[in-house]
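# Breakdown of the fold
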Amino acid sequence: MAETTSINDVISIGQEGDVALICIDNPPVNATGQAVRQGLLDAMAQIGTSAKVIAIYCAGRTFVAGADIKEFGKTPLPPSLPDVLNQIEDSEIPVISVIHGTALGGGLELALATHARVAIEGAKIGLPEVLLGLLPGAGGTQRLPRLSGLPFSLDVILSGRQVPAKEALEKGAVDRVMSGEPRDVALAAAQDVLAGKLSTRKTKNLTADYDAKVIEETLAGVKKKNPHLISPVKCVEAVAACNKPLEEGLKVERQCFIDCMQTPQRAGLIHAFFGERAVSNIPEAKGDTRPLDKIGVIGGGTMGSGITTSCLMAGIPVRLIEVAQEGLDRGVATITKNLDGAVSRGKMSAEKRDAALAMLEPSLAMEDLADVDLVIEAVFEKMEIKKEIFGKLDTICKKGAILASNTSYLDVNKIAEMTSRPEDVLGLHFFSPAHVMRLLEIVQGAKTAPDVLATGFALAKRLKKVGVLAQVCDGFIGNRILGHYSKVNAFLVLDGASPQQVDDALERFGLAMGPHKVGDLAGLDIGYMNRQRMKEEGLDPNARYGGDVADRIAEKGWYGRKTGKGYYLYDAGRPVPNPEVETIIDEVRAEKGITPQSFTDEEIVDRYMTAMISEAARVVEDGTAKRPVDVDMVFLFGYGFPRFRGGPLHYADTIGAEELVRRIEAYAKEDPNYWQVPELLRKMAADGTTFADLNKEG
Ligand code: T1G
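Residues numbered from 1 in each chain as written. Predicted model: local features only at pLDDT ≥ 70, side-chain atom pairs only at ≥ 80, totals over all residues. Heavy atoms only, no water.

## Some words on the overall build of the protein chain
Of the regular secondary structure elements, the protein chain holds 29 helices and 20 strands. In summary, the protein chain has a C-alpha radius of gyration of 28 Å against a globular reference of 26 Å for 698 residues, a match within 12%. Counting over 698 residues, the protein chain shows a buried share of 55%. Look at the contacts in the protein chain between residues 6 or more apart in sequence, and 71% of them connect residues 24 or more apart. (Helix = DSSP H or I, 4+ residues; strand = E, 2+ residues; numbered from the N terminus. Rg over C-alpha atoms; globule rule 2.2 N^0.38 Å. Buried < 20%, exposed > 50% of the residue type's maximum accessible area, 1.4 Å probe, protein only. Contact = heavy atoms within 4.5 Å.)

## A few points about a nonpolar patch on the surface
On the surface, F380, I385, I526 and M529 cluster together to form a nonpolar patch covering roughly 380 Å² of accessible area. Overall, I526 belongs to the partly exposed group, its relative accessible area being 49%. (Patch = residues over 30% accessible without salt bridge, like charges linked within 9 Å, V, L, I, M, F, W, Y side chains within 5 Å. Areas by Shrake-Rupley, 256 points an atom, 1.4 Å probe, with all protein chains shown as cover. Salt bridge = Lys/Arg side-chain N within 4 Å of Asp/Glu carboxyl O.)

## Considerations on the sheet that holds strand β2 (residues 11-16)
Strand order across the open sheet formed by seven strands is β1-β2-β3-β4-β5-β7-β10, with mixed pairing between neighbours. Edge positions in the sheet fall to β1 (3-6) and β10 (176-178), since each has one partner strand and no second. Within this sheet the neighbouring strands show an average axis-to-axis angle of 25°, counted without direction. Two strands pair when backbone bridges link them, and strand β5 (residues 95-99) and strand β7 (residues 116-120) are joined in this way by four bridges, in the parallel orientation. By the bridge assignment, S97 is partnered in β7 with R117. Packed onto the sheet, helix α1 (residues 34-47) meets β1, β2, β3 (19-24), β4 (53-58) and β5 and runs at close to 25° relative to β2. (Pairing = 2+ DSSP bridges. Axes fitted to C-alpha atoms, helices over the stretch in contact; angles between N-to-C directions.)

## Some words on the UniProt feature "domain: 3-hydroxyacyl-CoA dehydrogenase NAD binding" (unreviewed entry) in the protein chain
The UniProt feature table records "domain: 3-hydroxyacyl-CoA dehydrogenase NAD binding" (unreviewed entry) at residues 294-470. Within residues 294-470, the helical portion is 41% and the strand portion 21%, while the C-alpha atoms at the span's ends are 25 Å from each other. (UniProt positions renumbered as here; feature names shortened; annotations may be inferred.)

## Digging into the site of the ligand
Around the ligand there are 29 residues in total, and R61, A67, E109, E129 and R277 lie nearest to it. A distance of 3.3 Å is found between a nitrogen atom of the ligand and a side-chain nitrogen or oxygen belonging to K70. Residue G106 places a main-chain N or O atom 2.9 Å away from an oxygen atom belonging to the ligand. Taking 1000 Å² as the accessible area of the ligand by itself, protein coverage stands at 74%. Of all the elements in the fold, those that place two or more residues in the shell around the ligand are β6 (102-104), α3 (106-113) and α11 (264-278). (Near = heavy atom within 4 Å. Polar contact = N/O pair within 3.5 Å; in protein donor to acceptor, adjacent residues only side chain to side chain.)

## A short note on the domain arrangement of the protein chain
The domains assigned to the protein chain are domain 1 (4-261), domain 2 (283-472) and domain 3 (485-554 + 584-624 + 656-697). For domain 2 and domain 3, the distance between their C-alpha centres works out to 32 Å. Every contact between the two is made by four residues of domain 2 and, on the other side, four residues of domain 3. Carbon and sulfur atoms make up 54% of the area that domain 2 and domain 3 hide from each other, which totals about 350 Å². Sorting the residues of domain 2 by area buried against domain 3 places F380, Y409 and Q471 first, and these three jointly supply 78% of that buried surface. Summed over the shared surface of domain 2 and domain 3, the result is zero salt bridges. On the surface where domain 2 and domain 3 come into contact, there are one residue pair in polar contact (both at pLDDT 80 or more). Residues belonging to the side of domain 2 that touches domain 3 are distributed by class as follows: three nonpolar, one polar and no charged. (Domains from an automatic or database assignment. Buried area = accessible area lost by both parts, 1.4 Å probe. Nonpolar A, V, L, I, M, F, W, Y, C, P; charged D, E, K, R; others polar.)

## So, the packing of aromatic side chains
For the structure shown, the criterion picks out ten aromatic pairs. What links up through ring pairs into an aromatic cluster is the set F431, Y485, Y608, F635 and Y639. Note that R277 overlies the ring of F273, its terminal NZ or CZ placed 3.7 Å from the centroid. A cation over an aromatic ring shows up here: R645 above the ring of F509, its NZ or CZ 4.0 Å from the ring centre. (Phe/Tyr/Trp six-rings, centres within 6.5 Å; stacked < 30°, edge-to-face > 60°. Lys NZ or Arg CZ within 6 Å of the ring centre and 35° of its normal.)

## What to know about the sheet that holds strand β8 (residues 124-126)
The strand order across the open sheet formed by three strands is β6-β8-β9, and the pairing between neighbours is mixed. This sheet does not close on itself; its edge strands, each paired only once, are β6 and β9 (163-164). The sheet contact formed by β6 and β8 spans three bridges and is parallel. Counted as the bridge partner of T102 is K124 from β8. The sheet contacts of α3 involve β6 and β8, and relative to β6 the element is tilted by about 90°.

## Looking at the packing of helix α4 (residues 140-148) against helix α10 (residues 246-261)
The contact between α4 and α10 brings their axes to 8 Å, and the two run at 130°. Classed by the angle they form, the pair α4 and α10 counts as oblique. Side by side, α4 and α10 meet where G140, T141, Q142, R143 and R146 of the first sit next to L246, G249, L250 and E253 of the second. Of the residues belonging to the contact of α4 with α10, the class tally is two nonpolar, four polar and three charged. (Parallel < 35°, antiparallel > 145°, perpendicular 65-115°, else oblique.)

## Some thoughts on the state of the cysteines
Tallied over the full model, the rule gives zero disulfides. With no disulfide of its own, C256 lies closest to C260 among cysteine sulfurs, the gap being 7.0 Å. For C256, a relative accessible area of 5% gives the class buried. (Disulfide = S-S within 2.5 Å.)

## Let's talk about unusual backbone geometry
With an omega dihedral of 0°, the bond running from P78 to P79 counts as a cis peptide bond. Within the fold, P79 resides in the loop between β4 and α2 (81-89). The omega angle of the peptide bond from S432 to P433 is -5°, so this bond is cis rather than trans. Examined against the element boundaries, P433 turns out to sit in the loop between β16 (425-430) and β17 (439-444). The backbone of F476 sits at a positive phi, close to 55°, despite the residue not being glycine. Structurally, F476 is set in the loop between β18 (466-471) and α18 (478-495).

## A word on the side chain of Q532
Inspection of the secondary structure puts Q532 in helix α21 (residues 524-536). What makes Q532 buried here is its relative accessible area of 18%. Discounting chain neighbours no more than four positions away, the residues touching Q532 are Y545 and D551.

## Observations concerning the environment of A20
Position of A20 among the secondary structure elements: in strand β3. The buried category is assigned to A20, whose relative accessible area is 0%. For the pair A20 and K52, spaced 32 residues apart in sequence, the C-alpha separation works out to 7.9 Å. With near-sequence residues (within four places) excluded, A20 lies in contact with I13, G14, Q15, I47, A51, V53, I54 and A55.

## Side note on the side chain of T203
Along the chain, T203 turns up in the loop between α7 (182-194) and α8 (212-225). Judged by relative accessible area, T203 falls into the buried class, the value being 0%. Separated by 2.8 Å, the side chain of T203 and the backbone oxygen of L112 make a polar contact. Excluding anything up to four places from it in sequence, T203 contacts E89, L112, T114, R117, R143, R146 and L147.

## Some words on helix α9 (residues 231-239)
The buried fraction of α9 amounts to eight of the nine residues, a majority that puts the element mostly inside the structure. As for α9, its buried residues are in contact with α4, α5 (150-159), α8, α10 and α11.

## Points about the UniProt feature "domain: 3-hydroxyacyl-CoA dehydrogenase C-terminal" (unreviewed entry) in the protein chain
Mapped onto this numbering, the UniProt entry annotates "domain: 3-hydroxyacyl-CoA dehydrogenase C-terminal" (unreviewed entry) at residues 475-570 and 604-688. Along residues 475-570, the helical share is 60% and the strand share 2%, with 30 Å between the first and last C-alpha atoms. For the annotated span residues 604-688, helix accounts for 68% and strand for 0% of the residues, and the straight-line distance between the end C-alpha atoms is 27 Å.

Okay, structure coming up:
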């Protein structure tokens, strides 16, 4: 009968004859925290020569998913993971590992340091450190090339992708794929080692198929693909040392790892990792929820068909409503095209696409929404239209059905007032293209019931989206902040910068696309209509108006990509600045008596980011967003903000509240109406708090 010895809270040893089974049990993902690292060393020492083979496996949902990211940025506690893994590899007794779930980062590195690896069917392996601004720092850059060659190793390390067990077996990263429970497989595999049926060898004794040309080409590729990022370059530099003796290669890897650990990019990417999880880790997202077995979507336009596509891809049947057959057919065609695109991108199989389409029920009758659990209205952004629709839904939909609007800035409370059930109403603000963008702003109405709000988060999870709680205001979190800082671009152009200079400066800062290119992509008519709405509603009556140039462009019917002409011309492949825009800019400057000044890239970025941060601070200050991290995630997942910078308020902490106040006060001399110091920022400057501190306060 097996005896079990507990080494510490997370490591135990089971002895069965000549087999010693080391079990790691460190929920939730068996990360190699200090207790795991120390426990592994103590377990090896305890086993000594009492066994002829050692098998390491994990309890719970997965094999080791990596080093404990929560330890990063703190003083490292011995023993280090590389030291532990080197001692395991140097064991005179064969040591094997059994992988289930996901063996990632330090978890795969643990497996690579053992003398053979067995994957349980369905398991995946990966080295995702590059996604955290790091690189495999416990031998992964040295051992994987020795087992699986340079091209595969570079692909896995630079993409951070998860590799299915079958592919890992083909590439030699694992030695066998078996089925069964981890402990049973560990025992069976260990007995096969004893019986000579499973061979073992030390990875350090293997030689990588080194090719300097592959390294050179890969290095050039990563520098071109991500000019801002440090860790991909460091990944290649570390792998390039795999042709040295292991000890030397590990030293190079360690230095590259330390270089990455100290970068703001590592802090930003880890903030993004935990932030994505933190935004739904709130009381409002927990508790009872309502069913989500069938959804109705009203509107087959871009948003309605995108939302429908997202629900169908998540396996939720959708009844799509339009007012006319032509619109309905267009919606179905768009949904079909979206799903075909998902198949061609490898996001879903053709069978799943067919099954998804079979769950789509187009209809021209709103009465067909009588039995759905949730309706998402995605029609034109006019309050009158929405009020009319919600009045009808109130009479059609069953008791307990949730009524949601996809409005991107209108007052959800006013919409709810059109029903007898305001407690069943909320905003679900998707971002276009809705089947691709992961952000979902969940807008809480004054009377929204708790279980309705929690169901919004449950929907986000089912759609694999990042649900962020927002309170009602004009534009909620993202569009409200965008509405503020986008004026800075207009002011910069009026005061002397060119649209292309603004775009180039911000793209060098890390934005995927400059604001004028984004406008051309989205359609300049959208911004034009919003500016006219703001004028009609008398919003910002005393503010400096920056829309003259944009208005004149739109009034010429130049809406950007969709008309082939906007800030840029699109008929010659790559976009080129539209020379007629320069003429418009000169005319407007002359009319306003503006003498153009020059701006450096740094000044453009400072103004843009300071404007974004100041409105973001006000959004946190007045409670529209729960915490700074919620604003950060809105911008990472909805607005293409560079992930390695962590989000606007994580980035703000790298500048500091005191400096931000100084900058805003300096800019206010030019335009005191636009540039105003948020009270929260002034308070933070006075007491030295950071946005990270506010996140902890929750
Ligand atoms: N460290 C600490 N906590 C972690 C963690 C980790 N590595 N991975 C996950 N968690 C927490 C997570 O915050 C959440 O906590 C809970 O576990 C469930 O996670 C030396 C230096 C494994 C695919 O990058 O990709 O090894 O919110 O919600 O959707 O070279 O977690 O419940 O409090 O994501 O089923 C490399 C990161 C680290 C893997 C599971 N490893 N994790 O996904 O659950 S660096 C990674 C994941 C490293 C070495 C280097 C996913 C998952 P809470 P979850 P999931």
